Protein chains: 4
Amino acid sequence: MKKTQVAAASVPDRRRELLDTAAEVFAAHGYNATTVRRIADTAGMLAGSLYYHFDSKESMVDEILSTFLDELWQGYDAVLGAGLGPRETIEALVTESFREIDRHRAAVAIYQKESRHLAAQPRFAYLTESQRKFEQAWLGTLQRGVAEKAFRADLDVRLAYRFLRDTVWVAASWYRPGGQHSPEEIARQYLSMVLDGIAVRDT
Amino acid sequence: MKKTQVAAASVPDRRRELLDTAAEVFAAHGYNATTVRRIADTAGMLAGSLYYHFDSKESMVDEILSTFLDELWQGYDAVLGAGLGPRETIEALVTESFREIDRHRAAVAIYQKESRHLAAQPRFAYLTESQRKFEQAWLGTLQRGVAEKAFRADLDVRLAYRFLRDTVWVAASWYRPGGQHSPEEIARQYLSMVLDGIAVRDT
Amino acid sequence: MKKTQVAAASVPDRRRELLDTAAEVFAAHGYNATTVRRIADTAGMLAGSLYYHFDSKESMVDEILSTFLDELWQGYDAVLGAGLGPRETIEALVTESFREIDRHRAAVAIYQKESRHLAAQPRFAYLTESQRKFEQAWLGTLQRGVAEKAFRADLDVRLAYRFLRDTVWVAASWYRPGGQHSPEEIARQYLSMVLDGIAVRDT
Amino acid sequence: MKKTQVAAASVPDRRRELLDTAAEVFAAHGYNATTVRRIADTAGMLAGSLYYHFDSKESMVDEILSTFLDELWQGYDAVLGAGLGPRETIEALVTESFREIDRHRAAVAIYQKESRHLAAQPRFAYLTESQRKFEQAWLGTLQRGVAEKAFRADLDVRLAYRFLRDTVWVAASWYRPGGQHSPEEIARQYLSMVLDGIAVRDT
DNA sequence: CATGAATGAGAATTCATTCAT
DNA sequence: GATGAATGAATTCTCATTCAT
C-alpha cells in the first residue's frame, strides 16, 4: 500500500528532484558555465538521460524560474491584497522575500544572475513581466508611503526602490538555509537598517 | 621623432582601448558568454588579431580587473589612512565607491558577476585577497563605529556589512554614467538611507 | 476457443499493422530521418515497446522490403513465364508494376529512395540480387524485342532500360492510391507514351 | 604574378571547392546520412573547420541547391524566351536539362532526393517556387503542343508532364560525366523515345 | 599589426536500444 | 504487451587558440 503511494507520488518527484539538482548547479556555477553533463553527473546519470525528462537545458531553467516566480507571486499577491499600510506592506514584502530565499535559494540566485540575459528570449518574456509587476509593487508602496508620510519626503523614490530591491535579493548570493538566522530574523534586521538606518540617532 | 613619440604613446593606448571594449562586452554579456570573436568584432578586427595584444581571453579580464582594483585600493587606502571617524569613513568609502562605479562601470559589473568563479583559479587569487581587505575595511569601520557609539549597538555587524557592501556595488548593474545624478549625489542619497533609514522618525 | 483463434490470428496482424505504419512513416520522411519514436507515436505506443515486436529499426525495413519484393517477383515471374512476345511482356510488366505501386506504395517509395545505401549491407544483399534479376528481365525483353523487330533497332537498349525502369518506379513518389486513375489506366497511358511517343505522327 | 592571380582567384575558390566536395558526399549518401565529419574528412580537414566557411550543414546544401537552380533557370529562361514551337521547346528543355546534369550531377541528385523534405523549411521556399515554375514551363509547353497538334490529343497532360520530368531528372542518379555519351547524345536518345516511342511503327 | 584558415577540445542534443517492472 | 527510465554512441556546432603569410 505504501509502495503504491510512493509510486504514485514518484512520477513528478523525479522531475522535481532533477530540477532541484539542476538549480543547485546553475546557482553555483552560472547557467552558461553549467554543462548538462555536470548536472547529470550530480544527479548520477548520463548527460543524454536528462533529455528523457526535459527538452533542453533551457527548459530546465525555465521550469526552475517559472515555478519559483509562481510561488513568489502567490506570496506577494497575498501581501499586496491584505490592505496594509505602506510601512507594513514593505515589512511584509521583505519578510516574504526572505522566506522565498530560504525556500528557493538556488532559484533566486539564478534569477539574480541570469534573468537579464534570459529575458532577451521570447520564451522568458515572463521575466520581464515579473520585473514590471515587481517595480510596480515596490515603487507604488514607496510612493504611497511618502504621500502618507510614512516614509521620508526627501527620498529619490526610484533610487530607494533599487536600493530595497537589490538589498533584499542579493542576500540570496550569501544566504545559507539552516544557518543561525531564520529568514524572519534576517528580515527583521534588514528592515531595521532600511527603515531606521544604521546610525545612532542624534537625540 | 613625433612619430616615435606617438607610436610609443599609442602602444599602450591601443591596449587600453581594446581592454575598454572588452570590458564593455564582458559587462554586457558575461565573461563566459562573451566570445573572443565578439570582442574583436566590436573592436573592428578579427578574433585572431586580438592575440597579438593579449595572451588569452583570461588575461584580458585579468588586466581589466586588476587595473580596476589597483585604482580602487588607491582611493580606499587614502580614505582609510586619513584618520577619519567611523561615520565619516563610511561616508568617504561609499562616495569613493560610487566614483569608481562612475569611472569603471564595466569593470565593477564584471567584478560583481564573475569574481566568485574566477577567484577559484590561482591566477585570480588577488580577488580573494581584495575581498578580504574589503571585509576588513568595512567590517572594522562598522565595529569601531559601534564601539564609539556612532552606529547602533543592536546591529548584527556582519549582516550590516553585507548589506552595505551589496547595496553599494550592485548599483553598478543599473548605473549609467552621464545620467542625471552625479556619483557624489547618488552616494549622498544612499548614505542618507543607510545611515538614517527611509522611515519618517517619530519625534 | 474463439479467443485463441483470434489471438492466433492477431499476432501476425499486429505485426503487419505496425509494419504498415512504419512503412508509411519511412516513405514520408526517409529511413534515416524516421525515428523509432515517431513510428511508435504513430502506432500509439512508446518507442521501447516496438522492440517487443521487432529486433531493430533495420529489421523493420528489412521485413517491409523483402515482403514487397517477394510479392513483386511472384507477379513478375508469372509474367515472364507466360511465354508472351516482347511487347506484350513489357506491357504486362509495366501493368504489374503499377499494380504493385498501388498495393505497396510505401514499400515502393522506400525501395526507390533507400535501396541504394541499404544494399551496401550484407543483410540487404537481396536488394542487389533483385536489382540484377530486374535488369535481366527488362533488358532481356528489350533486346528480344529489338531482335524480333518489335522495338526500334536504333535504340540504345541500356538507355531504354533505365528510361523504362525509372519512368515506372518514380511514379511511386507521386501516386496516391484511390485517386482518379486505376493502376491499369495509368499503366495504359504510360505504355502509350513509352511505346508510341507523345508526338503526333507525321503520316 | 601568377601567384597574385591565383591568390586573387582562390578566395571564392576554396568555398566552391568545399561545396563541390560536400555536394559529392551529399549526393552519394544522402543529406541526412552525410555527417559534417565525413565532408570534412573528404576535404582533408576537421569537422569544426568547415564552420569557418559555412554557417551550418544546412547552409551548405542551401548554397549548393540555389547555385544550381540559378544556373538552371538561366538556361531554361533562355529557352522559354526564344519563341520556339512546342516540340522544339521540349527538345531544348530536355537538352538543357541533360547539360545541367552533366555540369551539376551532384546538385541534381541532391535536388532529386532531398528537395521534398527540405522544401518544408522556410529557408528552402525557393525549392517550391522553382517546382512551380518548372511545372508551368513543362505543362504549359505540353498543353500548347496539344493545342497546336504537335503532341497527341489523347494524352493525359499531367501524366505526360510527370513522365517527362521524372524521366529526365532521374537520370542524374546513374549518369556519370565523362562517360561514353555526351549530354547532347543522351538527350537525343531520350527525346527519340519520348517523342516517337520505342515501338516499331506499323506502316 | 592584421588576416585567413585551421585545430581540437568540448558543448548540447538525438536516438536506437535495453531492461526491470 | 507495454511503460518508464536509462545508456552510450554519434552528431552538429562553438570557440579559444595558433600560425603562416
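Residues numbered from 1 in each chain as written. Chains lettered and ligands numbered in written order. Predicted model: local features only at pLDDT ≥ 70, side-chain atom pairs only at ≥ 80, totals over all residues. Heavy atoms only, no water.

Naming follows an unreviewed UniProt entry, where chain A appears as TetR/AcrR family transcriptional regulator of Streptomyces chengmaiensis.

1. Re the overall build of chain A
Broken down by element type, chain A carries nine helices and zero strands. Listed N to C, the secondary structure of chain A is α-α-α-α-α-α-α-α-α in terms of helices and strands. The C-alpha extent of chain A, read off along each of the three principal axes, is 65 × 40 × 30 Å. Burial statistics for chain A: of 203 residues in total, 48% are counted as buried. (Helix = DSSP H or I, 4+ residues; strand = E, 2+ residues; numbered from the N terminus. Buried < 20%, exposed > 50% of the residue type's maximum accessible area, 1.4 Å probe, protein only.)

2. A look at the protein's contact with DNA strand E
Taken together, 29 residues lie near DNA strand E, and A:Tyr51, B:Ser49, C:Tyr51, D:Tyr52 and D:His53 sit nearest. At 2.8 Å from a phosphate oxygen of DNA strand E is found a side-chain nitrogen or oxygen belonging to B:His53. In this structure, a phosphate oxygen belonging to DNA strand E sits 2.8 Å away from a side-chain N or O atom of D:Ser49. Sorting the residues of the surface near DNA strand E by element identifies α2 (36-43) of chain A, α1 (2-29) and α3 (50-53) of chain B together with α3 (50-53) of chain D as the ones contributing at least two each. (Near = heavy atom within 4 Å. Polar contact = N/O pair within 3.5 Å; in protein donor to acceptor, adjacent residues only side chain to side chain.)

3. A few points about the relation of the copies chain A and chain B
Mapping chain A onto chain B calls for a screw motion: a turn of 180° about the axis and a shift of 0.1 Å along it, with 0.1 Å RMSD after fitting. Such a turn and shift between the copies fits a two-fold axis. Across chain A, the smallest distance between a C-alpha and the rotation axis is recorded for A:Gly197, namely 1.9 Å. Here 97% of the interface residues in chain A have copies in chain B that are interface residues too; the copies meet face to matching face. (Least-squares fit on C-alpha atoms with pLDDT ≥ 70 in both. Contact = heavy atoms within 4.5 Å.)

4. What to know about the protein's contact with DNA strand F
Taken together, 29 residues sit near DNA strand F, with A:Tyr52, A:His53, B:Tyr51, C:Ser49 and D:Tyr51 positioned nearest. Here the atoms of DNA strand F within 4 Å of the protein split so that 74% fall in sugar or phosphate, with bases taking the remainder. The contact in question runs from a phosphate oxygen of DNA strand F to an N or O atom on the backbone of D:Lys57, over 2.9 Å. Where the surface near DNA strand F is concerned, the elements lending two or more residues are α3 (50-53) of chain A together with α1 (2-29) and α3 (50-53) of chain C. For the surface near DNA strand F, the residue count by class is eleven nonpolar, 14 polar and four charged. (Nonpolar A, V, L, I, M, F, W, Y, C, P; charged D, E, K, R; others polar.)

5. Describing the relation of the copies chain C and chain D
Aligned on chain D, chain C shows an RMSD of 0.1 Å; the corresponding rotation is 180° and the shift along the axis is 0.1 Å. Most of the interface of chain C is mirrored in chain D, where 92% of its interface residues again form contacts.

6. Examining the packing of aromatic side chains
Following the criterion strictly, the structure yields 46 aromatic pairs over all chains and no others. Taken together, a centroid distance of 5.8 Å and an interplanar angle of 45° make the contact between C:Phe134 and C:Trp169 tilted. Taken as a pair, C:Phe134 in helix α7 (residues 125-147) and C:Trp169 in helix α8 (residues 157-169) lie far apart in primary sequence, 35 residues in all. Of the two residues, C:Phe134 and C:Trp169, both sit in the buried class. Arranged with centres 5.4 Å apart and planes meeting at 75°, the rings of D:Trp73 and D:Tyr76 form a pair that is edge-to-face. Of this pair, D:Trp73 and D:Tyr76 both sit in helix α4 (residues 57-80), separated by three residues, roughly a single helical turn. Relative accessible area serves as the criterion here: at 0%, D:Tyr76 is assigned to the buried category. Within the aromatic cluster, the residues linked to one another by ring pairs are A:Phe68, A:Trp73, A:Tyr76, A:Tyr111, A:Phe134, A:Trp138 and A:Trp169. When the ring centre of A:Tyr31 is taken as origin, the NZ or CZ atom of A:Lys57, which lies over that ring, is 4.6 Å away. (Phe/Tyr/Trp six-rings, centres within 6.5 Å; stacked < 30°, edge-to-face > 60°. Lys NZ or Arg CZ within 6 Å of the ring centre and 35° of its normal.)

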